[in-house]
Amino acid sequence: MICMNDCKLKRSFKQYFGNTVYEFVREQRLEKAFALLEQGGHNVSESAFAVGYTNVSHFSESFHKKFGILPREMIR
């Protein structure tokens, strides 16, 4: 559709956005989870599952790396 092979597409994406496709998607998922927790309508596991994580501990670790705070601390 875009007349570009997979490798060139990924390289161009990284040049344009500054990170890989996977990193970009992960950042978006974590931002959405942050918003869900901040609104107060979801607990940690609900937020993790809502953004596509199946392992809550992996979600918590990724969340902590990005925001410097554990997700459970957001709901206190």
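Everything here concerns the structure above.
In this text, all values refer to a predicted model and were calculated from it rather than measured experimentally. Within each chain, residue numbers correspond to sequence positions counted from 1 in written order. Two thresholds apply to this predicted model, a pLDDT of at least 70 for residue-level local features and 80 or more for giving and counting side-chain atom pairs, whereas whole-chain, interface and lining totals are computed over all residues. Working from all heavy atoms in the structure, the side-chain values ignore hydrogens and water.

> When you look at helix α1 (residues 6–17) in this model, what are you seeing that I'm missing?
For an α-helix, the turn length of 3.6 residues means that residues three or four places apart are oriented alike. Secondary structure follows DSSP: runs of H or I at least 4 residues long count as helices, runs of E at least 2 residues long count as strands, and numbering of each begins at the N terminus. In a helix, the anticipated span is given by 1.5 Å times the number of residues less one. Taking 1.5 Å of rise per residue, 12 residues should cover 16 Å, and α1 covers 16 Å from first to last C-alpha, within 8% of that figure. Any pair of nitrogen or oxygen atoms within 3.5 Å is treated as a polar contact; in protein, a donor-acceptor pairing is required on top of that, and neighbouring residues in sequence qualify only through side-chain atoms on both sides. A side-chain oxygen of the first residue of α1 lies 3.3 Å from the backbone nitrogen of Cys 7; this N-cap is Asn 5. Gly 18, located one to two residues past α1, shows a positive phi value of around 85°.

> I keep staring at the packing of helix α2 (residues 21–39) against helix α4 (residues 56–67) and nothing clicks. Help me out?
As a rule, the C-alpha atoms of each element are fitted with a line to give its axis, helices using only the stretch in contact, and angles between N-to-C directions run from 0 to 180 degrees. Two numbers describe how α2 lies on α4: the axes approach to 11 Å, and their chain directions differ by 90°. Relative to α4, α2 is oriented roughly perpendicular. Residue-level inspection shows Glu 27, Leu 30, Glu 31, Ala 33, Phe 34 and Leu 37 of α2 in contact with α4, the latter providing Phe 59, Ser 62, Phe 63, Lys 66 and Phe 67. For the contact of α2 with α4, a count of residues per class yields 7 nonpolar, 1 polar and 3 charged. Here is the rule for angles: anything less than 35 degrees is roughly parallel, anything more than 145 is roughly antiparallel, 65 through 115 is roughly perpendicular, and the remaining ranges are oblique. The criterion used for residue contact is that any of the two residues' heavy atoms lie within 4.5 Å. Think of it as three bins: nonpolar holds Ala, Val, Leu, Ile, Met, Phe, Trp, Tyr, Cys and Pro, charged holds Asp, Glu, Lys and Arg, and polar takes everything else, Gly as well.

> Where do I start with a nonpolar patch on the surface in this structure?
A cluster of nonpolar residues, Met 1, Ile 2, Met 4 and Leu 9, forms a patch on the protein surface that exposes about 480 Å² of accessible area. Along the polypeptide, Ile 2 turns up in the segment before α1. Patches here are clusters of residues that have more than 30% relative accessible area and form no salt bridge, with a 9 Å joining cutoff for like charges and a 5 Å cutoff for nonpolar side chains (Val, Leu, Ile, Met, Phe, Trp, Tyr). Using the Shrake-Rupley algorithm and a 1.4 Å probe, accessible areas are obtained, with residue cover drawn only from the displayed protein chains. Between Lys or Arg on one side and Asp or Glu on the other, a salt bridge is scored when a side-chain nitrogen of the former is within 4 Å of a carboxyl oxygen of the latter.

> Is there a simple way to think about the packing of aromatic side chains in this case?
Geometry of an aromatic ring pair is reported as the spacing of the ring centres plus the angle between the planes. Side-chain rings of Phe, Tyr and Trp, where Trp is taken by its six-membered ring, are said to pair if the distance between their centres is within 6.5 Å; with planes under 30 degrees apart they count as stacked, over 60 as edge-to-face, and otherwise as tilted. In this structure the tally under the stated criterion is 9 aromatic pairs. Plain terms: the ring middles of Phe 59 and Phe 63 are 5.7 Å apart, the flat faces sit at 50° to each other, and that makes the pair tilted. Residue Phe 59 and its partner Phe 63 are located together in helix α4, separated by 4 residues, close to a single helical turn. Partly exposed describes any residue whose relative accessible area lies between the buried limit of under 20% and the exposed limit of over 50%, with all areas from a 1.4 Å probe on protein chains only and scaled to the type maximum. Using a relative accessible area of 0% as the deciding quantity, one classes Phe 63 as buried. Within the aromatic cluster, the residues linked to one another by ring pairs are Phe 34, Tyr 53, Phe 59, Phe 63 and Phe 67. Positioned above the aromatic ring of Tyr 53 is the side chain of Arg 29, whose terminal nitrogen or guanidinium carbon lies 4.2 Å from the ring centre. Distance and angle both matter: a charge sits over a ring if NZ of Lys or CZ of Arg is within 6 Å of the ring centre and within 35 degrees of the ring normal.

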